[in-house]
Structures are given as structure tokens and as C-alpha cells.
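Spelled out from the first residue to the last, the chains are:
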Amino acid sequence: MTEVTPPAPDGHRALTSPAISFEFFPPKTEEMERSLWETINRLAPLAPNFVSVTYGAGGSTRERTHSTIARILKETSLTPAAHLTCVGAPKGEIDDVVARYYEVGVRHIVALRGDPSTGIGTAYKPHADGYQSSSDLVAGIKQRYPDIEVSVSAYPEKHPESPNFDADIDTLQAKVDAGAARAITQVFFDNDLYFRYLDRVRARGISIPIVPGIMPMHNFKQARNFVTRAGTTVPNWLAEKFDGLDDDAETRKLVAATVAAGQVQKLAKHGVDTFHFYTMNRADLVFAISHLLGIRPHGAQKAA
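Please read these numbers as outputs of a predicted model, since none were measured by experiment. Here, residues in each chain are numbered from 1, in the same order as that chain's written sequence. Totals for whole chains, interfaces and linings use every residue, but because this is a predicted model, local features are given only for residues with pLDDT of at least 70 and side-chain atom pairs only at 80 or more, for both listing and counting. For side-chain calculations, the full set of non-hydrogen atoms in the structure is used, while hydrogens and water are omitted.

Attention shifts here to the side chain of Thr274. Per the convention used, a helix needs a DSSP run of H or I reaching at least four residues, while a strand needs a run of E reaching at least two, with both numbered from the N terminus. As for its placement among the helices and strands, Thr274 is situated in strand β9 (residues 274-278). Residue Thr274 is classed as buried on the basis of its relative accessible area of 13%. Think of a polar contact as two N or O atoms within 3.5 Å of one another; within protein, one of them needs to be a possible hydrogen donor and the other a possible acceptor, and neighboring residues in sequence only count if both atoms come from side chains. Only 3.3 Å separates the side chain of Thr274 from the side chain of Asp273, close enough to count as a polar contact. Working definition: with a 1.4 Å probe on protein chains only, accessible area under 20% of the residue-type maximum means buried, over 50% means exposed, and in between means partly exposed.

Shown next, in the form of C-alpha cells:
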């Protein structure tokens, strides 16, 4: 992990451009497909470390995820990472998905347990013949394809199903022991939550990168409903910044950019130099925030 850069001799942090990565979701319609590729083409010149494509509950977007990944490999110079969950499928089926990704050139998988097929907040029941947990899935991938890099999830406010932080970090430790190379955090809005979590993780001897996951709130109400279901706290000060803007999309965009940019700049000031952006398939705010971090377009990507 390179999340902390030593201070320069004058006491200030040495200024270098952070490493970034982006998350997309597979499009459902032709219009969404066009929008996604406009976003990819806009963000590609920022040279992210990788771009990930999500995987729907129970594998519901499996084919769309695969086709998006395949097109990224074919038409751009970006490095794609495929999300994969172990919900509702036997091991053989999941192994076949991994094999297909490997065959087309994917060497990075974001391995997740996945939400219960009955919905967030209901009890998780692993498939009788499937991978039983995210660490089990990581181990399965690494045993068959040692050269695949595996990223996993981390939870600054702990996973909603974990009884306490110790149990939550036990789960992270199991994923690391299975071969995970990086953890990407669930969305958070209070940077102290991230730093306290990082202290806990490092105190346990876990040394892999813990990359903060950042979500610009394009549509505050919609985003709040989404993230709170996954256990993220949305502080009152943040809600107040969007108060009265339900019918003012342009001002919401400006506020969202300001809030997210402030968050990442404060993280960067304290030594964080790697960020993962949940783009929601939109480029504008992420591009602006990256610019404020000192990241500029460079290199010509292949036409998409």
C-alpha cells in the first residue's frame, strides 16, 4: 500500500498525483450503453490503474458484465477488473465465469460475497454447492489462477452483518490470507471513520492497500437510499447541503463536486494517495475531482 507518503523535509507532504480507479455498472439499454461509453472515453485519458465493472445480485448482470469487460479490453487501453460474487451459484458455475474472463485476458477480479438473493437486510444463505464466503471465493480464484490479482471489500463502519469490528476484521484477514491483494472500502463520508478503520486494520498486522471508495452524490436522495441500505452513515451536515435542491440538478451537481472534492483533498492532505471512484456511469464530477487532485489527461487511448 502506498497510502501514506512521507512528509517532505519542510514538513509538507510531497505533492504527486494520486493513483485512481473507477467503477462502472453494465448498461441495461442502448441509451445507457451510449452513456457508459461516453463516460469511459471521457475518463480513460486520466490513466486509471484499473476500471471495475459490477456484477448484479445473484449474477443477474453476468452476461452484460462480461460483454462490457470484453469491449473495454478490445477497444481501449484500460485495465478492466471484473466483479464477481458467490451468491446463488455452485462452484462449477462460478469457476466457469472466471475461466471465461481469463480466456479474454482479464487478470484482475473484485471478489465479493454478494448481497443475499432475498435482499439486503435478510439472512445470507450460501449455495449448498457454492463458495461459502468471499474468502472462499478468493481462495478458489487464486488456487486456479495464481496470476489473477484479487481485490476485496472493506467496511469503515463494519459490514452490517458483522457483530463487531473484531469479527469484521477477522473476515478481512481471512480474505488476505486467501490471497487478496487490495481492499476497496464501502462509501463513507466522515474521513475519521476511514482513518480509525485503517488504524484497526494495521494494528492487526494487515498490510494490503485499503483504498477509500468515493461516491460523488449526483442525486442525493437516490444515493442516500442506496448507501444507507449497505450500512453507510449519511451525516446531517451532508443532507443539509442538499436541502432545497430537489428540483435544481445543476446546483446539486456543483454541491456534490464540492463535497466530494473536499473529502478527497482532505484525505490526500493526510497521506492517502489512492482513490477508487464509484462513478455511477457518469464522468463529469469524477473528472472534475480528479482534476482538483492534480490528475490531467495524458496519452491517447484507442478509439472506443
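Now that the structure has been shown, the text picks up again.
Now for the confidence of the model for the chain. Across the chain, the average pLDDT comes to 87, with 87% of residues at or above 70. Ignoring residues within four places in sequence, the model shows residues 1-15, a span with pLDDT below 50, making 30 contacts including any to other chains. Values of pLDDT, which run from 0 to 100, indicate the predictor's confidence residue by residue. Throughout, a residue-residue contact means that at least one pair of heavy atoms, one from each residue, lies within 4.5 Å. Note that residues 300-304 has pLDDT below 50 and, in this model, 14 contacts with residues that lie over four places away or in other chains.

What holds strands together in a sheet is hydrogen bonding between their backbones, with the strands either parallel or antiparallel. Across the sheet, 9 strands lie side by side as β7-β6-β5-β4-β3-β2-β1-β9-β8; this open sheet has parallel pairing. What marks the edges here is a single partner per strand, and that holds for β7 (210-211) and β8 (213-214). Any two strands with at least two DSSP-identified bridges between them are counted as paired. Note that strand β6 (residues 182-185) and β7 share 2 bridges and pair parallel. Each bridged residue has a counterpart across the sheet, and for Ala183 the counterpart in β7 is Ile210. Of the strands in this sheet, β3 (80-85), β4 (108-112) and β5 (149-154) touch helix α4 (residues 134-144), which is tilted by about 155° from β4. Where helices are involved, their axes are fitted lines through C-alpha atoms of the stretch in contact, as for all axes, and angles between N-to-C directions lie from 0 to 180°.

Another aspect to go through is the packing of aromatic side chains. In this analysis, rings of Phe, Tyr and Trp, with Trp reduced to its six-membered ring, are considered paired at centre separations within 6.5 Å, and the interplanar angle assigns stacked below 30 degrees, edge-to-face beyond 60, and tilted for intermediate values. Per the counting criterion, the structure on display carries 6 aromatic pairs. Measuring from centroid to centroid gives 6.3 Å for Phe22 and Phe277, while their planes differ by 35°, and the two rings are tilted. Of the two residues, Phe22 is situated in strand β1 (residues 19-24) and Phe277 in strand β9; the sequence distance between them amounts to 255 residues. Look at Phe277 and you get buried, because its relative accessible area is 0%. Pairing Phe220 with Phe242 gives two aromatic rings, centres 4.7 Å apart and planes at 10°, and the pair type is stacked.

Right, let's talk about unusual backbone geometry for a bit. With phi around 55°, Met280 is a residue other than glycine that occupies positive phi space. One non-glycine residue, Asn281, adopts positive backbone phi at about 60°. As for its placement among the helices and strands, Asn281 is situated in the loop between β9 and α10 (284-292). You can call Asn281 buried: its relative accessible area is 6%.

Every case where a carboxyl oxygen of Asp or Glu lies within 4 Å of a side-chain nitrogen of Lys or Arg is listed as a salt bridge. If you walk through the whole model with that rule in mind, you get 10 salt bridges. With a shortest N-O distance of 3.0 Å, Glu63 and Arg100 are connected by a salt bridge. Of this pair, Glu63 sits in helix α2 (residues 62-75) while Arg100 is found in helix α3 (residues 91-104), placing the two residues 37 residues apart along the sequence. In the salt-bridge network here, residues are joined through shared partners; they are Glu250, Lys253, Arg282 and Asp284.

Turning next to helix α9 (residues 249-269). Every helix has an expected span of 1.5 Å times one less than the residues it contains. Look at α9: 30 Å from first C-alpha to last across 21 residues, which is about the 30 Å you get at 1.5 Å a residue. Every buried residue of α9 is listed here: Arg252, Val255, Ala256, Ala257, Val259, Ala260, Ala261, Gln263, Val264, Leu267 and Ala268. Immediately beyond the C-terminal end of α9, within one or two residues, lies Gly271, with a positive phi of roughly 100°.

Locating Thr228 in the fold gives a position in helix α7 (residues 220-229). Between the C-alpha atoms of Thr228 and Val187, which are 41 residues apart in sequence, the distance is 9.6 Å.

Our next topic: the packing of α3 against α4. Running from amino to carboxyl end, α3 crosses α4 at an angle of 50°, the nearest separation of the two axes being 11 Å. With respect to their mutual orientation, α3 and α4 come out oblique. Read as a crossing pair, α3 and α4 show a hand that is right-handed. Here α3 contributes Lys91, Ile94, Asp95, Val98 and Ala99 to the contact with α4, which in turn contributes Asp136, Leu137, Ile141 and Arg144. Each angle receives one of four descriptions, namely roughly parallel if under 35 degrees, roughly antiparallel if over 145, roughly perpendicular if within 65 to 115, and oblique otherwise. Take the far helix as the reference: if the near one is turned anticlockwise from it by less than a right angle, the crossing is left-handed, and if turned clockwise, right-handed.

Here the focus is helix α5 (residues 165-178). Relative to the 20 Å expected for 14 residues at 1.5 Å per residue, α5 spans 20 Å between its end C-alpha atoms, a close match to the ideal helical length. By the burial criterion, the buried members of α5 are Asp168, Ile169, Leu172, Lys175 and Ala178. Looking at the buried positions of α5, the neighbouring elements they touch are α4, β5, β6, α6 (191-203) and β7. By the N-cap criterion, in which a side-chain oxygen at the helix start approaches the backbone nitrogen of a residue two or three places on, α5 is capped by Asn164, the distance to Asp166 being 3.1 Å. Gly179 lies just past α5 and shows a positive phi near 125°.

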